[in-house]
Amino acid sequence: MNDRFFVPMDQGIIRVFKILILSLISLSSVHAQSSYIPFNDDYYHLIDRLEIKRGKFTEGFHSNVKPFERKAVVALTDSILKEGTINLTDRDWETIDYLREDSWEWTNGMISTDSLKYDKLARLGLFQDPPPGKARKFFNHPADLYSIHNQDFDLHFNFTTTNFIGSDNSYGKKFGTREDATPSQLWGTSRGVEIRGMINEKLGFYTYVTDSQGRYPRYVDDFKTTNSFPGEGLAKATRNRGIDFLTARGYITFRPLKSINVKFGHDHNVFGSGYRSLILSDNSSPYLFLRLDTQLGKFHYTNLFTSMINAGEDGFREFLRSKKFAAIHHLSVNLTDKINIGVFEAEVFNRDSVGGGYDLNYLNPIIFYRYVESYIGSQDNAILGFDFRWLVANKASIYSQFVLDEFLTKYLFNGSGSWANKYSFQLGGKYVDAFGVPNLDLQAEYNVVRPYTYSHKDGGRNYVHYGQSLTHPLGANFREYLGIIRYKATSRLSLYGTIMMANQGKDPDKDTNYGGDITKSYETRNVNRDGDLNQKIGQGIKASTAYTDLRISYSLAHNLFLDGRFLKRRITSPNEDIAANSTVWSLAIRYNMAFRQQTY
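**Student:** For this particular structure, what's the right way to read the pattern of salt bridges?
**Tutor:** Opposite charge on two side chains allows them to pair when their charged atoms are near. By the definition in use, this model includes 39 salt bridges. Of the charged contacts, one joins Asp433 and Lys53 as a salt bridge, the two residues approaching to 2.8 Å between their closest N and O atoms. Within this pair, whereas Asp433 is found in the loop between strand E19 (422-431) and strand E20 (440-449), its partner Lys53 is found in helix H2 (residues 41-54), the two being separated by 380 residues in sequence. One exposure class covers both Asp433 and Lys53, and it is buried. As a salt-bridge pair, Asp222 and Arg218 come within 3.8 Å of each other at their nearest N and O atoms. Remark: Arg218 and Asp222 occur in helix H6 (residues 218-223); sequence separation between them is 4 residues, near one turn of the helix.

If you want it as structure tokens, here you go:
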């Protein structure tokens, strides 16, 4: 293959980005640019609930394409207030005030619907009101420690922290041959800063960095890969199963045209409407990306070009982790104001044999990647997907995903169970103000992934970044059932309950591959008496997980929470080395940080 089709990474994605920057400079009229709301399941559910109760899709964003722009979320609240036809509870009015305060720079001066009431909820009461005509130097707005807002410069500065203590009774116990002498006490501390803003209302920016240490529940420690931590990058093990890691995310963003947004940086990207995503989730470590979003009426088209890390055993070159790349596009269409469909395509590849560069053929934003793959004669990993969402009667939403990794037509519908029929499926729904109980929201979700889905011949082409799945934390070869309860009991008190049941087939050792561990090459797949046929979901060592997580969250002030958590997790398996049983409780205080779900 001719080397002229490839250039090093700093001459590939970076070169394209420089061209886009020049386009920004050359345009005389560039549109105001917003930063994005970081991923947080509790936060995004508040937005989802308002959209469901409104009964039609939001004009400023598509809910299956995340993250959301701050100004688009404020625009949603503007529309709700303007229409005045939605049956809102007292908690909904407080949610609207919370969302507007959190992105107050886009509210045109009218932040809260009841500023006196929300000011009491949002502040600790430690700060006296300033003299008339003067503003506070710090916490002038409850959402920001320090802020500046004018036509030339917009800045929001905050510190972030999470600190917890707790206990896990599984530490110190023996599971099969897995002996452990770790103390049962849990602890953790994270400290950092979050900065966002705009320059000249044309260039948006965001940066977030935290330093974390602690001892997390044993199941989390067992789940993590070597020298890493779930959802994070490099992590250092300390004594007594402790962990030390740094988190960093950041990007810049601008609009060269009214309908096109450009974003470049390190962060997560998500496609989907569920608790899980089988297309692209925030399960893995953040990664470098260049993203273009084009929104024209009912159409939202996303191009995503990424540089990722192959952290597998085959992923080291001269003491450096090898690069891998992905080219992704997703088209979301609102067929009506209640029904949305999306089409997704991804190509995961590496080019270590020709210098490790980004293949320029995949930079075409409007081409079918499967054609490119065959055109250049590669064996890259092509993935197709579809998603769906339907808003039902201002009370519920139904959503679904289907992903096709690979298939052979002659085996797809004949029930033969060929290993090559690699696909995943999701079906779920949300029901707000369930059974007429205000502020009680229910969610149910089913996920199934066939063996060997998302895997490939090597770590440079599997659907994995930094040793972690880009979709579901369980990988493949499983069925999962999820139930979630959310209840906002008072202005400050919220209750959450999550039940997860999963049946998965595990490998008895590192040399056997039944299709659940997607970091393993599918060329090492288990061949049963039927050869490559009769490969069934759950094959291998049976492992049934029952997971119950109960949480009480009390809001002391804006984005300042006290969390109490009780968790019960049990894995039943005939293999004693896989079976496990743990009871965990913890107390935490967190500020401007999302709660770590760790549902697996």
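So, next bit.
**Student:** Whenever I open this one, the side chain of Gln213 confuses me. Can you help?
**Tutor:** Positionally, Gln213 belongs in strand E6 (residues 203-215). A polar contact is formed between the side chain of Gln213 and the side chain of Asp211, at a distance of 3.0 Å. Discounting residues that sit within four places of it in the chain, Gln213 has contacts with Trp187, Gly188, Thr189, Arg191, Ile243 and Asp244.

**Student:** What is the right way to read the pairing of strand E14 (residues 320-334) from this model?
**Tutor:** For a regular strand, the rule is simple: side chains alternate between the two faces of the sheet. In terms of burial, E14 is a largely internal element, 11 of the 15 residues being buried. As judged from the 12 bridges shared by strand E12 (residues 299-310) and E14, these two strands associate in the antiparallel manner. Pairing of Asn310 across the sheet is with Ser322, part of E14. Summarising the sheet, E14 and strand E15 (residues 339-349) pair through 10 bridges and their orientation is antiparallel. Looking at the pairing, Ser332 lines up with Gly342 of E15.

**Student:** Explanation requested: a nonpolar patch on the surface in the structure shown.
**Tutor:** Taken together, the side chains of Ile165, Trp187, Leu550, Phe566, Trp585 and Leu587 present a nonpolar region at the surface, about 610 Å² in accessible area. By the element assignment, Leu550 lies in strand E25 (residues 541-557).

**Student:** I tried to follow the packing of aromatic side chains on my own but got confused; where do I start?
**Tutor:** One pair of aromatic rings is described through two measures. These are the centre distance and the angle between the planes. What the rule picks out here adds up to 25 aromatic pairs. When the ring of Phe153 is compared with that of Phe205, the centres are 6.5 Å apart and the planes differ by 20 degrees; the resulting orientation is stacked. Residue Phe153 is found in strand E4 (residues 153-168), and its partner Phe205 is found in strand E6; the two are separated by 52 residues along the sequence. Taking the relative accessible area as the measure of exposure, Phe153 reaches 29% and is therefore partly exposed. Among the aromatic residues, those joined into a ring-pair cluster are Phe39, Tyr43, Tyr44, Phe61, Phe68 and Tyr98. Geometry around Trp419 places Arg525 over its ring, the cationic atom sitting 3.8 Å from the centre. Over the ring of Tyr496 we find Arg551, and its NZ or CZ is 4.1 Å from the ring centre.

**Student:** How do you make sense of the nonpolar core when you look at a structure like this?
**Tutor:** General note: in soluble globular proteins, nonpolar side chains tend to be found buried as a group. Residues Leu280, Ile328, Phe344, Tyr454 and Tyr463 are the most contacted members of the largest nonpolar core, which totals 45 residues. Counting 19 residues, the second largest nonpolar core, distinct from the first, contains Ile47, Phe68, Val73 and Tyr98.

**Student:** Would you mind going over the confidence of the model for the chain with me for this structure?
**Tutor:** As a note on interpretation, predicted positions should not be read in detail where pLDDT is low. Looking at the chain, the pLDDT average stands at 88 and 89% of residues meet or exceed 70. Low pLDDT, under 50, characterises residues 1-12; the stretch is placed with 25 contacts to residues that sit more than four places away or in other chains.

**Student:** Even after reading the chapter, I still don't get helix H5 (residues 115-122), so can you show me in this structure?
**Tutor:** Because each turn of an α-helix spans 3.6 residues, side chains separated by three or four positions in sequence point in the same direction. Where H5 is concerned, the buried positions are Tyr118, Leu121 and Ala122. For H5, the arc enclosing every buried residue in end-on projection is 90 degrees, short of the 170-degree limit, so these residues lie on one face. For H5, the exposed residues set more than 90 degrees away from the buried face come down to Leu116 and Lys120. Turning to H5, the residues buried within the fold contact helix H4 (90-102) and E25.

**Student:** I keep staring at H2 and nothing clicks. Help me out?
**Tutor:** In this model H2 runs 20 Å from its N-terminal to its C-terminal C-alpha over 14 residues, within 8% of the 20 Å that 1.5 Å per residue would give. Counting buried positions along H2 yields 12 of 14 residues, so the element is predominantly enclosed. Taken as a whole, H2 has its buried residues at Asp42, Tyr43, Tyr44, His45, Ile47, Asp48, Arg49, Leu50, Glu51, Ile52, Lys53 and Arg54. Structurally, the start of H2 carries an N-cap: the backbone nitrogen of Asp42 is 3.1 Å from a side-chain oxygen of Asn40. Downstream of H2 by one or two residues, Gly55 has phi in the positive range, about 85 degrees.

**Student:** What should I look at first to understand the environment of Val65 in this one?
**Tutor:** Counting through the fold element by element, Val65 comes out in strand E2 (residues 65-66). You can call Val65 buried: its relative accessible area is 3%. Look past the residues within four positions of Val65 in its chain and what remains in contact with it is Val270, Phe271, Arg291, Asp293, His300, Thr302, His330 and Ser332.

**Student:** It is not clear to me how the packing of H2 against helix H3 (residues 70-83) should be interpreted in this structure. Could you clarify?
**Tutor:** Two numbers describe a pair of packed helices, the interaxial angle and the distance between the axes. For the pair H2 and H3, the least separation of the axes is 11 Å and the interaxial angle reads 35 degrees. Taken as a pair, H2 and H3 cross one another with a handedness that is left-handed. Within the contact between the two elements, H2 uses Tyr43, Ile47, Leu50 and Arg54 and H3 uses Arg70, Val73, Leu76, Ser79, Ile80 and Glu83. Looking at the contact of H2 with H3 residue by residue, the classes come out as 6 nonpolar, 1 polar and 3 charged.

**Student:** Is there a simple way to explain unusual backbone geometry in this structure?
**Tutor:** Excluding glycine, residues mostly carry a negative phi; peptide bonds, for their part, are mostly trans. For the bond running from Lys66 to Pro67, omega is 10 degrees, close enough to zero to count as cis. With respect to the helices and strands, the residue Pro67 is situated in the loop between E2 and H3. Located in the positive-phi region is Asn108, a residue other than glycine, with phi close to 55 degrees. Relative to the helices and strands, Asn108 resides in the loop between H4 and H5. For Asn108, a relative accessible area of 77% gives the class exposed. Positioned with a positive phi, Asn240 is a non-glycine residue whose angle comes to about 55 degrees.

What counts and what doesn't
Residues numbered from 1 in each chain as written. Predicted model: local features only at pLDDT ≥ 70, side-chain atom pairs only at ≥ 80, totals over all residues. Heavy atoms only, no water. Salt bridge = Lys/Arg side-chain N within 4 Å of Asp/Glu carboxyl O. Helix = DSSP H or I, 4+ residues; strand = E, 2+ residues; numbered from the N terminus. Buried < 20%, exposed > 50% of the residue type's maximum accessible area, 1.4 Å probe, protein only. Polar contact = N/O pair within 3.5 Å; in protein donor to acceptor, adjacent residues only side chain to side chain. Contact = heavy atoms within 4.5 Å. Pairing = 2+ DSSP bridges. Patch = residues over 30% accessible without salt bridge, like charges linked within 9 Å, V, L, I, M, F, W, Y side chains within 5 Å. Areas by Shrake-Rupley, 256 points an atom, 1.4 Å probe, with all protein chains shown as cover. Phe/Tyr/Trp six-rings, centres within 6.5 Å; stacked < 30°, edge-to-face > 60°. Lys NZ or Arg CZ within 6 Å of the ring centre and 35° of its normal. Core = buried A, V, L, I, M, F, W, Y, C linked by side-chain atoms within 4.5 Å. pLDDT = per-residue confidence, 0-100. Arc of directions from axis to C-beta. Expected span 1.5 Å × (residues − 1). Axes fitted to C-alpha atoms, helices over the stretch in contact; angles between N-to-C directions. Left-handed = near helix turned anticlockwise from the far one by under 90°. Nonpolar A, V, L, I, M, F, W, Y, C, P; charged D, E, K, R; others polar.

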